[in-house]
Amino acid sequence: MQAEQISIFLENKAGRLSEVTGILSENGVNIRALALADTTDFGVLRLIVDDNSKAEQVLKQGGFTVRKTKVVAVEVQDQPGGLHSILDILHRAEINVEYMYAFVRQSGNNAVMIFRFDQPDEAIRVLSDNGISVIKGANLYSM
Amino acid sequence: MIYDIEYETMPREALESIQARRLQATVSRVYATVPFYRNKFDEAGIGPGDINSVSDLQRLPFTTKQDLRDNYPYGMFAVPMDNVVRIHASSGTTGKPTVVGYTNRDIHTWAELMARSLAAGGATRGDIVHNAYGYGLFTGGLGAHYGAEKLGASVIPVSGGNTKRQVVIMRDFGPTVLTCTPSYSLHLAEAAEDMGVSFRDLNFKCGIFGAEPWSENMRREIEEKLNLTAVDIYGLSEVIGPGVAVECQEAQAGLHIAEDHFIAEIIDPATGEVLPHGETGELVLTSITKEAFPVIRYRTRDITSLNPEPCVCGRTMIRMNKISGRTDDMLIIRGVNVFPSQIESVLMEIEGVEPHYQMEIDRKDNLDTLTIRVEVSQSAFSDEVKELQRFEDRIANEIKELFGISAVVKLAEPKTIARSEGKAARVIDRREI
Ligand SMILES: [Zn+2]
């Protein structure tokens, strides 16, 4: 049930982000979601794309440090308290959220959030037990 | 393999008597032929007749790089130019270059020393040597070349630069021995990887690397990435060039000094006092067979120590430890003496640090600041910012613990820190003092 994310190390220098997007677009890789976490001197770019192995390969060839990370895509009801109820379930199960960000497309009427957990399998079990839908990687990349 | 069994395994007593005889002859000759030495010896009130044993060497004055510069270009030559068959020069990054000369016999001696060195590193006459030391005024290229020919190996005189072509040659010509600077060997490994060539598929068995200081960790990295046995070779053009000392493949623990041609001392760089074996200080070398350009107690500015313990390889020549720094690249940061090589060893002990780093020193509001840029490796990279920050903190803490200096560690993208094909430029000191 887990999905794959591509993480890229970037120094905080002008133009680095556009180099990444440039390499991906030249190679026909489509970006489905993107989040950048940064500090004063470097950043980590996190991407969900439609072709992980190709993205990893072309970015490595472009000289970037790249790694694949397992993440979990969760459907969130598009209404007040939708996200809160999910975080509440996770909190009560003592599952840590390392970070999260929003997916661009919706799944039906629901929003989609990408979560990075320290214990992803346990998180998926707890969410499913509580009636929260987790989206399969294969479905996510083509949404 | 030992190239010259007679000399390299000579009993210490016999060796010391040869040294004494050769030292005496050298001192007499420079006194007679080089005005600089005659004046220096006269000033010190000492003559050739006072030098009767190796321990008398301590009574002679030192020779410095500045002395060589002051006598630019040929003032230190001890033979007429008619007898000089080769001239080399060391780079003059500060001031004039140092010009050195060789007679026919000097060239022969040097080739013998390099043949010994290549053999100590594992080369034999059946090998093909890929010689990527620069050819030209620099002694590395021609030194290794003549040594490989003397040994009877086949030399590919590829010289430095044009790395892609070098990778093609390595793949197609099947060389078995690599000679170049240690940093260039890693540069070759990266270039090969980029071109889809694996060192596992190449024929290299050993490499003889020198012309810049390198650490044990860098050795491990080179041996793993290039799939060969790596030994360190030491030399400097003022003394003869590469081949003054070399590690044996058997022990890979310290470089055997060719004591039948050079006498080594370790001194306290501040006082000039000779230090006992095992203590760390500045290496001082005296040549005892050179004709065109003899040097008496030449201060190398290289920091090391001597190890007289017998070696498993059977050589009786004393060993010097790997160079751990230079007296002249010692940095004083917030009053603390720091050798870049010490920082390097700290970095190399930390899992995931690439051997590519740069130290930047600035002065802000009269306070020195040290920034260390380190390339992030695939293994150290995490998608979590806090893990990367923890990695930076870990390096900063290690440095703080060892030197008591706060450093700012900045992770850099791979291959963004300049690779040098000669001596790597590790330090950028922007302080205006
Ligand atoms: Zn040995």
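Just above, that's the structure.
Structure report, in brief. All values reported here derive from a predicted model rather than from experimental measurement.

For the rest of this paragraph, the subject is the pattern of salt bridges. Per the counting criterion, the structure on display carries 39 salt bridges over all chains. Among the salt bridges present, the one from R431 of chain B reaches D368 of chain B, with a minimum N-O distance of 3.1 Å. Taken together, the residues span a long stretch of sequence, with R431 of chain B in the segment after strand 21 (427-429) and D368 of chain B in strand 19 (residues 367-376) at a distance of 63 residues. In this pair, the class of R431 of chain B matches that of D368 of chain B, namely buried. Each member of the salt-bridge network shares a partner with another, and the members are E98 and R116 of chain A together with D383, E384 and K386 of chain B.

Glancing now at the interface of chain A and chain B. If you look at the interface, chain A gives 24 residues, while chain B gives 21 residues. Buried area between chain A and chain B, summed over both chains or domains, comes out near 1,800 Å², and the portion from carbon and sulfur atoms is 52%. Ranking the residues of chain A by area buried against chain B places F9, T65 and R67 of chain A at the top, with a combined share of 32%. Applying the counting criterion to the chain A and chain B interface returns 5 salt bridges.

Residue and element names in this part refer to chain B. Enumeration over the complete set of coordinates arrives at 3 cavities of 30 Å³ or more. The space that makes up the largest cavity amounts to roughly 90 Å³. Every residue lining the largest cavity is counted, 13 residues in all, and those nearest its centre are E8, R116, V246, H256 and A258. Looking at the lining of the largest cavity, the elements with two or more residues in it are helix 5 (104-121), strand 8 (241-247) and strand 9 (255-257). Looking at the lining of the largest cavity, the element that brings in the most residues is strand 8, giving 4 residues. Taken together, the residues of the lining of the largest cavity sort by class into 7 nonpolar, 3 polar and 3 charged.

On to the pairing of strand 20 (residues 407-412) of chain B, then. Residues and elements named next belong to chain B. Here 6 bridges tie strand 19 to strand 20, and the two strands are oriented parallel to one another. The residue of strand 20 that forms the bridge with V374 is L411. With respect to chirality, the unit in which strand 19 leads through helix 11 (residues 385-403) into the neighbouring parallel strand 20 is right-handed.

Take the sheet that holds strand 19 of chain B next. Residues and elements named next belong to chain B. Reading across from one edge, 20-19-18-21 is the order of the 4 strands in this open sheet, with mixed pairing throughout. Each end of this open sheet is capped by a strand with a single partner; those strands are strand 20 and strand 21. Each strand axis lies, on average, 20 degrees off the axis of its neighbour in the sheet, ignoring direction. Pairing analysis gives 9 bridges linking strand 18 (residues 353-364) to strand 19, with the strands arranged antiparallel. The residue bridging E360 from the neighbouring strand is T371, located in strand 19. Contacting strand 18, strand 19 and strand 21, helix 10 (residues 340-349) crosses the sheet at an angle of about 135 degrees to strand 18.

Attention shifts here to the coordination of the zinc ion. All names here are of chain B. Taken together, C248 (SG), H256 (NE2), C311 (SG) and C313 (SG) make up the protein donors of the zinc ion, found 2.1 to 2.3 Å from the metal. Its 4 donor atoms give the zinc ion angles of 101 to 116 degrees at the centre, a pattern that matches the tetrahedral case. In the primary sequence, the donor residues of the zinc ion line up as C-x7-H-x54-C-x1-C. Here C248 is found in the loop between strand 8 and strand 9, whereas its partner C313 is found in the loop between strand 13 (306-307) and strand 14 (319-320), with 65 residues between them in sequence. Here C313 falls in the buried class, since its relative accessible area comes to 11%.

Turning next to helix 1 (residues 16-26) of chain A. Residues and elements named next belong to chain A. Listed as buried for helix 1 are R16, V20, I23 and L24. The buried residues of helix 1 all sit within an arc of 95 degrees when viewed along its axis, so they share a single face. Opposite its buried face, helix 1 presents the exposed residues S25 and E26, each directed more than 90 degrees away. Those residues of helix 1 hidden inside the fold are in contact with strand 1 (3-11), strand 2 (31-38), strand 3 (42-49) and helix 2 (52-61). Directly beyond the C-terminal end of helix 1, a positive phi value near 70 degrees is found at G28.

As a further point, take the nonpolar core. Residue and element names in this part refer to chain B. Residues Y37, Y234, L285 and M320 are the most contacted members of the largest nonpolar core, which totals 68 residues. The element that contributes the greatest number of residues to this core is helix 5, accounting for 8 residues. Not counting chain neighbours up to four residues away, the residues in contact with L285 comprise Y234, L236, V239, V244, F262, I263, A264, V295, I296, R297, Y298 and T300. Core analysis: the next-biggest nonpolar cluster, separate from the first, contains 33 residues, V346, I361, V374 and I399 among them.

A few words on a nonpolar patch on the surface. On the surface, Y74, M81 and I87 of chain B cluster together to form a nonpolar patch covering roughly 260 Å² of accessible area. Assignment of secondary structure puts I87 of chain B in strand 1 (residues 86-90).

Another point: the packing of helix 5 of chain B against helix 6 (residues 139-151) of chain B. Residues and elements named next belong to chain B. Taken N-terminus to C-terminus, the directions of helix 5 and helix 6 make an angle of 75 degrees; their axes are 7 Å apart at the nearest point. Considering their axes alone, helix 5 and helix 6 lie roughly perpendicular with respect to each other. Along the contact surface, helix 5 presents I107, H108, W110, A111, E112, M114, A115, L118 and A119, while helix 6 presents T139, G143, A144, Y146, G147, A148, K150 and L151. Class assignment of the residues belonging to the contact of helix 5 with helix 6 gives a composition of 11 nonpolar, 4 polar and 2 charged.

Once that is clear, we can look at the packing of helix 8 (residues 182-194) of chain B against helix 9 (residues 216-226) of chain B. All names here are of chain B. Viewed as axis vectors pointing N to C, helix 8 and helix 9 meet at an angle of 35 degrees, and their least axial separation amounts to 10 Å. Handedness of the helix 8/helix 9 crossing: left-handed. When helix 8 is examined against helix 9, the residues P182, S183, S185, L186 and A189 are found in contact with a partner set consisting of M218, E221, I222, K225 and L226. Of the residues in the contact of helix 8 with helix 9, the class split is 6 nonpolar, 2 polar and 2 charged.

What follows covers helix 8 of chain B. Residue and element names in this part refer to chain B. With 13 residues, helix 8 extends 19 Å between its outermost C-alpha atoms, agreeing within 8% with the 18 Å of an ideal straight helix rising 1.5 Å per residue. Burial runs high along helix 8: 10 of the 13 residues are buried. Taken as a whole, helix 8 has its buried residues at P182, S183, Y184, S185, L186, L188, A189, E190, A191 and A192. Each element contacted by the buried residues of helix 8 is listed here: helix 7 (163-173), strand 5 (177-180), strand 6 (206-210), helix 9 and strand 18.

What counts, and at which threshold
- Residues numbered from 1 in each chain as written.
- Chains lettered and ligands numbered in written order.
- Predicted model: local features only at pLDDT ≥ 70, side-chain atom pairs only at ≥ 80, totals over all residues.
- Heavy atoms only, no water.
- Salt bridge = Lys/Arg side-chain N within 4 Å of Asp/Glu carboxyl O.
- Helix = DSSP H or I, 4+ residues; strand = E, 2+ residues; numbered from the N terminus.
- Buried < 20%, exposed > 50% of the residue type's maximum accessible area, 1.4 Å probe, protein only.
- Contact = heavy atoms within 4.5 Å.
- Buried area = accessible area lost by both parts, 1.4 Å probe.
- 1 Å grid on protein atoms, 1.4 Å probe; cavity = no way out; pocket = protein on both sides within 12 Å on 5 of 7 lines; lining within 4 Å.
- Points joined across faces, edges and corners; volume = space filled by probe spheres on them.
- Nonpolar A, V, L, I, M, F, W, Y, C, P; charged D, E, K, R; others polar.
- Pairing = 2+ DSSP bridges.
- Right-handed = clockwise from strand over helix to strand, strands pointing away.
- Axes fitted to C-alpha atoms, helices over the stretch in contact; angles between N-to-C directions.
- Donors = N, O, S within 2.8 Å, 3.2 Å for Na, K, Ca; no water.
- Tetrahedral: all angles 85-135°; square planar, octahedral: opposite > 155°, others 65-115°.
- Arc of directions from axis to C-beta.
- Core = buried A, V, L, I, M, F, W, Y, C linked by side-chain atoms within 4.5 Å.
- Patch = residues over 30% accessible without salt bridge, like charges linked within 9 Å, V, L, I, M, F, W, Y side chains within 5 Å.
- Areas by Shrake-Rupley, 256 points an atom, 1.4 Å probe, with all protein chains shown as cover.
- Parallel < 35°, antiparallel > 145°, perpendicular 65-115°, else oblique.
- Left-handed = near helix turned anticlockwise from the far one by under 90°.
- Expected span 1.5 Å × (residues − 1).

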